[in-house]
Amino acid sequence: MKTLVPVLGDQLTPTLSSLRDADPADTVVLMVEVAEETGYVRHHQQKLVYILSAMRHHGEALREAGWTVDYVRLDDPDNAGSFTGELARAIARHQPDRIVVTEAGEWRVAAMLDSWQTMFGLPVDIRADDRFLCSHAEFDHWADGRSQLTMEYFYREMRRRTGLLMDGGKPVGERWNFDKDNRKPASGGLFVPKALAFAPDAVTREVIDLVARRFGNHPGHLDGFAWGVTAADAQAQADHFFVQALAGFGDYEDAMLTGERHLWHSILSPYINSGLLDPLDLCRRAEAEYRAGRAPLNAVEGYIRQIIGWREFMRGIYWREGPDYVERNFLDHRRALPGWYWTGDTDMHCLKEAIGQTLATAHAHHIQRLMVTGNFALLIGADPAAVHRWYLEVYLDAYEWVELPNTLGMSQFGDGGLVGTKPYVSSGAYIDRMSDYCGHCRYDVKQRVGENACPFNALYWDFIARHEDRLGDNPRMRMPYRTWHRMSDTARAATREQAARILTTLDASGDAGY
Ligand code: FAD
Ligand code: DLZ
Ligand code: SF4
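As the structure is a computational prediction, the values presented were derived from the model and not from experiment. (Residues numbered from 1 in each chain as written. Chains lettered and ligands numbered in written order. Predicted model: local features only at pLDDT ≥ 70, side-chain atom pairs only at ≥ 80, totals over all residues. Heavy atoms only, no water.)

Asker: Before we go on, may I ask you to explain the site of ligand 2 in this structure?
Answerer: Residues in contact with ligand 2 amount to 20 residues; listed here are only the nearest, Gly9, Asp10, Val32, Glu37 and Glu106. In the model, an oxygen atom of ligand 2 is placed 3.0 Å from a nitrogen or oxygen of the Gly9 main chain. In the environment of ligand 2, an oxygen atom lies 2.5 Å from a nitrogen or oxygen atom belonging to the side chain of Glu37. Starting from 490 Å² of accessible surface for ligand 2 in isolation, the protein chains cover 100%. Broken down by secondary-structure element, the contributors of at least two residues to the shell around ligand 2 are helix H1 (35-39), helix H2 (45-64) and helix H4 (107-120). With 4 residues, H2 is the largest single contributor of residues to the shell around ligand 2. Across the shell around ligand 2, the residue classes break down as 11 nonpolar, 4 polar and 5 charged. (Near = heavy atom within 4 Å. Polar contact = N/O pair within 3.5 Å; in protein donor to acceptor, adjacent residues only side chain to side chain. Areas by Shrake-Rupley, 256 points an atom, 1.4 Å probe, with all protein chains shown as cover. Helix = DSSP H or I, 4+ residues; strand = E, 2+ residues; numbered from the N terminus. Nonpolar A, V, L, I, M, F, W, Y, C, P; charged D, E, K, R; others polar.)

Rendered as C-alpha cells:
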C-alpha cells in the first residue's frame, strides 16, 4: 500500500510515530516549505533560517537513511503556499493509497489535518506525538475533577511514571523539589559557561540569503546566526551543557547578568521543540550526571522538573483549554506594546538587555522572558494577545502549544490563575536582587517617584491599585495590598501620577509591531 507521510517543520525526528512502522519501499515522505507557515506571524529572521535549514538537513538525512523524500522549497515557482495545497499536489504526483501523519502541535494546523480525509477522499491516519511523555488522554485523566491544576502535583506524577530521580517509590533525596536551594543571584567575576556557536554551512548560507530577500522586514537580525541546524549540532550543544553548565543550573537559574546571554541554561529548547533532541534522553542524561557525582541534586532535579514538569504541563493546558484560550484577558488589558519591543531602543537597561539579545539571537532565558519583558508588559496593561504574538514571533523555540500558556497564562495572568496562582509582577527590587542590570541603568531602582525613578516601581504599585477588585482577595497578594494600604495618601497619589506619566509617554512611543 503506497503511503504518503507529511513531516512538519517541528517533526524533525527520525523515529517519529508516522514513520516508525513505515516501509521505505512504498512510502514517500513529504516535506514542504510554505508561505502559510513562514507568514502566520512575522517570525524573527533567525527563527526562519533555523527552521528552514533544519528542515533541509533533516530531509537529506532521511534520504541518506533510505527514505524517498519529496521536498518542496519555498522558492519553487509551483509552490502552492499551504500544507493543504502542497498535499493536493503531492497526491497528484504520487497517487498514494493513504496518508499517515503525526498529530500537529497547534490547533491551527490540527484543524487542517482533520479536514484532509474528507477533502481528499483518502484514509488519513493521524498518530499521537509520543515524543511527549504525557498524552492528551493521560493529562485529562490527571486533570479531571481537580479544582486547581497545580504543576507540582502533575510533576510528581510524571516522576513516578518515568522513574526519573526515584529510589523505589520515593524521590531521591527524600524531597520532590529542591527549589529553595536554587535562585542565587550571579555576580560579575564568576566563570560563566558559553553556548557553542555553529558556523553556517552552505545549506544555511543559502537559506540566510533567501530569508534576507523575502523576510528582511521581519524582526531580529540575521548577522551572527550561530544556531546548530542538525541533530549532531544539537547533540554537541547538549554534551557541552552537561559538562559545562548543568552543575550550576539550579543555583543560578534565575540570575541575569549584563552581556551574558545564556548563563547556566541549556539553550536546547529550539532543538527539543523541533525534534532534533529527545526530552526523555536529556532527562536520563541529567540523572546520570547526578548519579556519577558530577552535578548536584538541586541542579538536576530543577532541570528535569522544567522538562517533564513545566514543558509537559504547558502542553497539557494548551490542548485542554481549547482554541479560544488565546482570547482570554482576565485583567481586561488593552494597551499596545511599545514600539521599542521591536528595536530594544529604551533607556531601561534590563529591557534593553533582554530585548537586545532577543533581536540578536532569537533567545532569552526564562527569567528575562518572565520578569523583565513579561513583567513590564503586564505592569503597563498590555493586551495579552499582542504580547502572545510578540513572543511567538521573536523566539526560536516558539510554537503556540508552549509559547501561549507561558505567555498568556504564566506571564500575563490572562487566564485568571489557571497556570499560575498569582500574577508574576515585581517592582525594580526583584530585578536588582537577581541581576547587575540596575547598576548599569540611568534610572534609580531605589526611587519610586521623580524623573530618575525606576519605572517598574510606580508601575508595580499602580498595577496593584488598579486591580484590587480582581486580585484583592487572592491570598498570595495579601502582602502587597497590605503595604499599599499602609502608604500615606500623598505617597499613593504621587505614585499613581508617576505611573500615569510613564504610561502617557509609552503610548506616545507608538506600536511599531502592528
Ligand atoms: P533551560 O533553562 O535550560 O530549561 C531546560 C528546558 O526546560 C528547556 O530547554 C525547555 O525545554 C524546558 N522548559 C523550561 N521552562 C519551561 C517552561 N516554562 N515551559 C516549557 N518548557 C520549559 N519555552 C519554549 O520552549 N518555547 C516558548 O515559546 C516559550 N515561551 C515562553 C514565553 C514566556 C513569556 C515565558 C516566561 C517562558 C517561555 N518559555 C518558552 C519557557 C522558557 O523560558 C524556555 O523554555 C527556556 O528559556 C528555554 O531556554 P533553555 O533551553 O536554555 O532552557
Ligand atoms: C514554524 C514553521 C515555519 C516558519 N515554516 C515551516 C514550513 O515552511 N514548513 C513546515 O512544515 N513547517 C514550518 N514551521 C513549523 C510549523 O509551523 C509547525 O510544524 C506547525 O506549527 C505544527 O503545528
Ligand atoms: Fe530595570 Fe529599573 Fe533596574 Fe533600570 S533601575 S535596570 S529600569 S529595574
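Asker: Looking at this model, I keep getting lost on H4. Mind explaining?
Answerer: The α-helix advances 3.6 residues per turn, and as a result positions three or four apart in sequence lie on the same side. Relative to the 20 Å expected for 14 residues at 1.5 Å per residue, H4 spans 20 Å between its end C-alpha atoms, a close match to the ideal helical length. When the local axis directions of H4 are compared, the greatest deviation, roughly 25 degrees, occurs at Asp114. Within the sequence span of H4, burial applies to Val109, Ala110, Met112, Leu113 and Trp116. Along its buried surface, H4 packs onto strand E1 (3-6), H1, helix H3 (83-94), strand E4 (98-102), strand E5 (124-127) and helix H12 (297-321). (Expected span 1.5 Å × (residues − 1). Bend = angle between axes of the 7 residues up to and from the residue. Buried < 20%, exposed > 50% of the residue type's maximum accessible area, 1.4 Å probe, protein only. Contact = heavy atoms within 4.5 Å.)

Asker: In this structure, what is going on with helix H8 (residues 231-244)? I would like to understand it.
Answerer: When the terminal C-alpha atoms of H8 are compared, their 20 Å separation across 14 residues agrees well with the 20 Å that a helix rising 1.5 Å per residue should span. For H8, the full list of buried residues reads Asp233, Ala234, Gln237, Ala238, His240, Phe241 and Phe242.

Asker: Is there a simple way to think about the packing of aromatic side chains in this case?
Answerer: How two aromatic rings sit relative to each other is given by the distance of their centres and the angle of their planes. Scanning the entire structure with this criterion turns up 29 aromatic pairs. Between Trp142 and Phe313, the aromatic rings sit 6.3 Å apart at their centres with planes inclined by 80 degrees, giving edge-to-face as the arrangement. Highlighted residues: Trp142 in helix H5 (residues 136-143) and Phe313 in helix H12, separated in sequence by 171 residues. Its relative accessible area of 7% is what places Trp142 among the buried residues. Judged by relative accessible area, which is 0%, Phe313 ranks as buried. (Phe/Tyr/Trp six-rings, centres within 6.5 Å; stacked < 30°, edge-to-face > 60°.)

Asker: Can you walk me through the site of ligand 1 in this structure?
Answerer: Around ligand 1 there are 28 residues in total, and His265, Ser266, Ile267, Asn273 and Asn406 lie nearest to it. Within the side chain of Ser266, one N or O atom sits 2.6 Å away from an oxygen atom of ligand 1. At 2.9 Å, a side-chain N or O of Asn273 approaches an oxygen atom of ligand 1. For ligand 1, whose unbound accessible area comes to 820 Å², protein coverage reaches 99%. Secondary-structure elements contributing two or more residues to the shell around ligand 1 are helix H10 (269-274), H12, helix H14 (366-380) and helix H16 (400-411). Looking at the shell around ligand 1, the element that brings in the most residues is H12, giving 6 residues. Looking at the shell around ligand 1 residue by residue, the classes come out as 13 nonpolar, 11 polar and 4 charged. Two domains each put at least three residues into the shell around ligand 1: domain 2 (136-193 + 245-321) and domain 3 (339-509). (Domains from an automatic or database assignment.)

Asker: Quick question: what am I supposed to make of the pattern of salt bridges here?
Answerer: Pairing between side chains of opposite charge can happen when the charged atoms of each approach one another. Inspection of every chain in the model, using the stated rule, returns 36 salt bridges. Note that Arg63 and Glu60 form a salt bridge whose closest N and O atoms lie 3.0 Å from each other. Placement of the pair is Arg63 and Glu60 together in helix H2, with a separation of 3 residues, close to one helical turn. For Glu60, a relative accessible area of 37% corresponds to the partly exposed category. As a salt-bridge pair, Arg175 and Asp181 come within 3.7 Å of each other at their nearest N and O atoms. Judged by relative accessible area, which is 30%, Arg175 ranks as partly exposed. Accessibility expressed as a relative area gives 29% for Asp181, which makes it partly exposed. The structure contains a network of salt bridges with shared partners spanning Asp239, Arg285, Glu289 and Arg294. (Salt bridge = Lys/Arg side-chain N within 4 Å of Asp/Glu carboxyl O.)

Asker: Mind showing me how you'd approach the packing of H14 against H16 here?
Answerer: Helix packing geometry: the angle between the two helix axes and the distance between the axes. Across the interface, H14 lies against H16 with an axial gap of 11 Å and an inter-helix angle of 55 degrees. In terms of axis orientation, H14 runs oblique to H16. In the crossing of H14 with H16, the sense of the turn from one axis to the other is right-handed. Every residue of H16 that contacts H14 at His366, Leu370, Gly374 and Leu378 is listed here: Asn406, Met410 and Ser411. Counted by class, the contact of H14 with H16 contains 3 nonpolar, 4 polar and no charged residues. (Axes fitted to C-alpha atoms, helices over the stretch in contact; angles between N-to-C directions. Parallel < 35°, antiparallel > 145°, perpendicular 65-115°, else oblique. Left-handed = near helix turned anticlockwise from the far one by under 90°.)

Asker: Quick question: what am I supposed to make of the domain arrangement of the protein chain here?
Answerer: Accessible area lost during the coming together of the parts is what is often quoted as the interface size. Each domain of the protein chain was delimited in the assignment, giving domain 1 (3-127), domain 2 (136-193 + 245-321) and domain 3 (339-509). For domain 1 versus domain 3, the separation of C-alpha centres amounts to 39 Å. Contacts between the two partners involve 12 residues from domain 1 and, on the opposite side, 15 residues from domain 3. Carbon and sulfur atoms supply 55% of the area buried between domain 1 and domain 3, which totals about 1,200 Å² over both sides. A per-residue breakdown of the area domain 1 buries against domain 3 is headed by Arg42, His44 and Lys47, which together make up 41% of the total. Our enumeration of links across domain 1 and domain 3 arrives at 0 salt bridges. In this assembly, domain 1 and domain 3 are joined by 6 residue pairs in polar contact (both at pLDDT 80 or more). Looking at the side of domain 1 that touches domain 3 residue by residue, the class counts come to 4 nonpolar, 4 polar and 4 charged. (Buried area = accessible area lost by both parts, 1.4 Å probe.)

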